[in-house]
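Take a look at the letters that make up each chain.
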Amino acid sequence: MPITVGFVSLGCAKNLLDTEVMLKHLVDAGYAITSDETEADVVIINTCAFIDSAKSEAIENILDIAWLKENRDLKGIVVTGCLAERFRDEIFTELPEVDALLGVGSIHEIVSAVEAAYRGKRYSLYLDKNEVKLGGERVVTTPEYTAYLKVGEGCDNRCTYCAIPDIRGRFRSRPIEELVEEAKNLESIGVKELNIIAQDTSRYGLDLYGEYSLAELVRAITKETEIPWIRLMYCYPDKITDDLVEEFKNNPRLLKYIDLPIQHIDDTVLRRMNRHGGRAVIEDAIKRLREAVPDITIRSTAIVGFPGETDEQFETLCEFIKTVRFDHFGAFKYSREEGTPAAEFEDQIAEEVKEDRHAILMQTQNAVVEEKNEEKIGLSFTVLCEGYDPMQKIYYGRRKSDAPDIDAKVYFTAARAIAEGEFVEVRIHEALEYDLVGEAITDSEE
Ligand code: SF4
């Protein structure tokens, strides 16, 4: 009987792709994979640890799985990902239930780690994360019509609040040819939506080709595949090149969608965050994108309660959110991360103030979204169907302007059966707080 392995994959899509690569190694080595941890001999927990709440979630999951070791037949626990990397010295002491640890540079050694954990042998491996082979064959775990493509790993930006550069190492791009090959493989298994990701996707190519090459990569994927939806996530305002703006304008398969975290808008706060380029750079990037593609969808995020953030500076951010009218926006409360420069800043903000500012900023954004959603009533959109809810008797899916897992949904009825992964035209007749409701346009109405 092959050893059965279970997986818990936490954190961002970049981490999920590491899970998919590890899954492939295990399948190739003859292991059985289960999605039910209670059936597993060994469970791998691929963790996230970039902020407090992610760390807590990882530890909770480890303790939940540890219960199976006490009370079921689970033989071993392997912890991988950012928590394993960041807290390599503490985990075995504070979580003795863990058998094996793999640093982010050692994902290709997952088989050895599982072997050791299965035999109850302590094992840890921390190869150089700046040398780990990026990419590799994967067991794609997302629905067959959508997938992520990680174009690089690590980050060179060194934002003062962020632990990721220390966890994931310096930014390294993967060669265009390799990425095009992977995109073609994904297309061959039915992928219609390719979500391009990295810590800072807009930095793609600088290390490898000496210049920002994201637009060139998009062109190569567009040329070599027929994937209809190509989406860019995690772009940085100071790296929105004219070439990229032109690509948004002229490439019909590059979705008019960009994820562009700003983190704040006040120049003093941005400087203390070590965000490259101040307010002017952010406004210029948004202006150029909107001039080239007036209906481009912009998603963004900001941090509230960064050390030293004054009421006025917070007010400035709220005013900006009111006027810039992002289509999708998320706010984070500043998380004091040990080992980051900002953690040593004296003027830390009280938790309750962070809470208040977070609530105010999200209320400000919700008002923008409600207005924008009202404007969608009567319009029709191409929707990628994600499934059917038999309880509600309604289909659900996403528009081009909704990224998987983080943006809005469209709920719709249809006169005929709609398959998962099918594109369908939907006319909107109701706007909810965040999502939209509509009806599939039958062929005769088209
Ligand atoms: S861009 Fe900044 S916030 Fe994002 S991963 Fe890099 S250092 Fe962290």
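All of these numbers come straight from a predicted model, not from anything done at the bench. (Residues numbered from 1 in each chain as written. Predicted model: local features only at pLDDT ≥ 70, side-chain atom pairs only at ≥ 80, totals over all residues. Heavy atoms only, no water.)

**Description of the domain arrangement of the protein chain**
Segmentation of the protein chain into domains returns domain 1 (4-125), domain 2 (142-259) and domain 3 (380-440). For domain 1 and domain 2, the distance between their C-alpha centroids amounts to 28 Å. Where domain 1 abuts domain 2, roughly 1200 Å² becomes buried across the two surfaces, and 65% of that area is made up of carbon and sulfur atoms. Across the domain 1-domain 2 interface, the total number found is two salt bridges. Linking D18 and K150 is a salt bridge whose minimum nitrogen-to-oxygen distance equals 2.9 Å. Here domain 1 and domain 2 share five residue pairs in polar contact (both at pLDDT 80 or more) between them. Ranked by residues supplied to the side of domain 1 that touches domain 2, first place goes to helix 1 (residues 13-28) with seven residues. Per-class residue counts for the side of domain 1 that touches domain 2 are eight nonpolar, two polar and five charged. (Domains from an automatic or database assignment. Buried area = accessible area lost by both parts, 1.4 Å probe. Salt bridge = Lys/Arg side-chain N within 4 Å of Asp/Glu carboxyl O. Polar contact = N/O pair within 3.5 Å; in protein donor to acceptor, adjacent residues only side chain to side chain. Helix = DSSP H or I, 4+ residues; strand = E, 2+ residues; numbered from the N terminus. Nonpolar A, V, L, I, M, F, W, Y, C, P; charged D, E, K, R; others polar.)

**A short note on the sheet that holds strand 16 (residues 394-399)**
Spatial ordering of the closed barrel is given by 15-16-17-19-18, a layout of five strands whose pairing is mixed. The sheet shows a mean angle of 50° between the axes of neighbouring strands, taken without regard to direction. Note that strand 17 (residues 410-413) and strand 19 (residues 436-440) share four bridges and pair parallel. Note on strand 19: the bridge partner recorded for V410 is L436. (Pairing = 2+ DSSP bridges. Axes fitted to C-alpha atoms, helices over the stretch in contact; angles between N-to-C directions.)

**Description of the state of the cysteines**
Taken as a whole, this structure holds zero disulfides when the rule is applied. In this structure C235 is not part of a disulfide, and its nearest cysteine sulfur, from C155, lies 13 Å away. (Disulfide = S-S within 2.5 Å.)

**Focus: the packing of helix 13 (residues 311-324) against helix 14 (residues 351-374)**
Orientation of helix 13 relative to helix 14, taken along the N-to-C sense of each, is 15°, at an axis distance of 9 Å. By the angle between their axes, helix 13 is roughly parallel relative to helix 14. Judged by the sense of rotation from one axis to the other, the crossing of helix 13 with helix 14 is right-handed. Contacts between helix 13 and helix 14 involve D311, F314, L317, C318, I321 and K322 on the former and, on the latter, R357, I360, L361, T364, Q365 and V368. Of the residues in the contact of helix 13 with helix 14, the class split is seven nonpolar, two polar and three charged. (Parallel < 35°, antiparallel > 145°, perpendicular 65-115°, else oblique. Left-handed = near helix turned anticlockwise from the far one by under 90°. Contact = heavy atoms within 4.5 Å.)

**A closer look at the environment of E216**
Among the structural elements, E216 can be located in helix 9 (residues 214-224). Residues E216 and E115, spaced 101 residues apart in sequence, show a C-alpha to C-alpha distance of 42 Å. In this structure, E216 is in contact with I176 and E211, ignoring residues within four places of it in sequence.

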